[in-house]
Amino acid sequence: MKLLTLALAALLPCLAASSDADPGKSLGSPTAPIRIEVFSDFECPACKGLHEQILPLIMRDYVIPGKVFLVSREFPLAMHKYSREAASYATAAARVDKYQPVADTLFKNQAAWEVSGKVWDTVANVLTPVEARKVQLLARDPSVMGEVERDVDAGRAAGINQTPTMIVTSGTRRFPVAGAVNYNLLRSMLDGLLK
């Protein structure tokens, strides 16, 4: 994911986001014909699979070519003890342009921090000392906590009750894609919407 993020930054220098998407948590062009909002929980094993296996393919095949605007949304589940803390750190990291590295490390090291509770130690490993201080302060900022809550509220309003769930929007049509994703089926759907 890290290499694809760097490639995207090189190919799409203007990574602006629409007004309702955090620009630090969005990739691609907001004018792309398809928008995918990914509601995920950093402590969810299926979300880890989506992040590490499917999103890099979406980046390569659809985001980088300008066909999809990808928006990350937080949806920490109550059953996961540390997921809200992880969501707050990731959202705070977005404010210093470090969402992707933080998301990458949280998913990569999920098995360790979900047992130890050392979410901050995991996050801090990919930040400079200056970034780490900013992220720690921002994670406690009411606006960051409010952004996480708005993501959760948006997910609930969309009827989401599990992670990961993607909301694929093309024009006025919205399609939920919940749970484990088969990339061939998703690709067929996206290609059909692009026709």
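Our subject is the structure that appears above.
Structure report, in brief. (Residues numbered from 1 in each chain as written. Predicted model: local features only at pLDDT ≥ 70, side-chain atom pairs only at ≥ 80, totals over all residues. Heavy atoms only, no water.)

### Observations concerning the nonpolar core
Thinking step 1. Phe-42, Leu-106, Val-119, Val-123 and Val-135 are the most contacted members of the largest nonpolar core, which has 26 residues in total.
Thinking step 2. Elements with a contribution of two residues or more to this core: helix H3 (83-94), helix H4 (99-108), helix H6 (119-124) and helix H7 (129-139).
Thinking step 3. Filtering out sequence-adjacent residues up to four positions away, Val-135 remains in contact with Tyr-89, Ala-92, Ala-93, Val-96, Trp-120 and Leu-127. (Core = buried A, V, L, I, M, F, W, Y, C linked by side-chain atoms within 4.5 Å. Buried < 20%, exposed > 50% of the residue type's maximum accessible area, 1.4 Å probe, protein only. Helix = DSSP H or I, 4+ residues; strand = E, 2+ residues; numbered from the N terminus. Contact = heavy atoms within 4.5 Å.)

### What to know about the sheet that holds strand S1 (residues 26-27)
Thinking step 1. With respect to topology, five strands assemble into an open sheet ordered S1-S3-S2-S4-S5, the strand pairing being mixed. Either end of the sheet is taken by a strand with one partner, and the two such strands are S1 and strand S5 (173-178).
Thinking step 2. Looking at chain direction, strand S2 (residues 34-40) and strand S4 (residues 165-170) are connected through six bridges and run antiparallel. The residue of S4 that forms the bridge with Glu-37 is Ile-167. (Pairing = 2+ DSSP bridges.)

### Notes on the environment of Pro-176
Thinking step 1. Tracing the chain through its elements places Pro-176 in strand S5.
Thinking step 2. Judged by its relative accessible area of 59%, Pro-176 is exposed.
Thinking step 3. In sequence terms Pro-176 and Pro-45 are 131 residues apart; their C-alpha atoms lie 19 Å from each other.
Thinking step 4. The residues touching Pro-176, leaving out its near neighbours within four places in the chain, are Met-166 and Ile-167.

### Side note on the pattern of salt bridges
Thinking step 1. Using the criterion set out here, one finds 13 salt bridges in the structure.
Thinking step 2. A salt bridge links Arg-174 to Glu-37; the nearest nitrogen and oxygen atoms lie 3.9 Å apart. Here the residue Arg-174 occupies a position in strand S5, and Glu-37 occupies one in strand S2, the gap between them amounting to 137 residues.
Thinking step 3. Classification of Glu-37 as buried rests on a relative accessible area of 8%.
Thinking step 4. Salt bridges here are not isolated pairs; linked through shared partners, they connect Lys-25, Arg-35, Glu-37, Arg-73, Glu-74, Arg-95, Glu-147, Asp-151 and Arg-174. (Salt bridge = Lys/Arg side-chain N within 4 Å of Asp/Glu carboxyl O.)

### A closer look at the environment of Met-189
Thinking step 1. As for its placement among the helices and strands, Met-189 is situated in helix H9 (residues 183-194).
Thinking step 2. By relative accessible area, which is 24% here, Met-189 ends up partly exposed.
Thinking step 3. If we skip the residues at most four places from it in the chain, Met-189 touches Val-168, Phe-175 and Val-177.

### Concerning the pairing of S5
Thinking step 1. Bridge count between S4 and S5: six bridges; the pairing is antiparallel. Following the sheet pairing, Ile-167 is matched in S5 by Pro-176.
Thinking step 2. The hairpin turn running from S4 into S5, its antiparallel successor, is two residues long, and Gly-171 in that turn takes a positive phi close to 65°.

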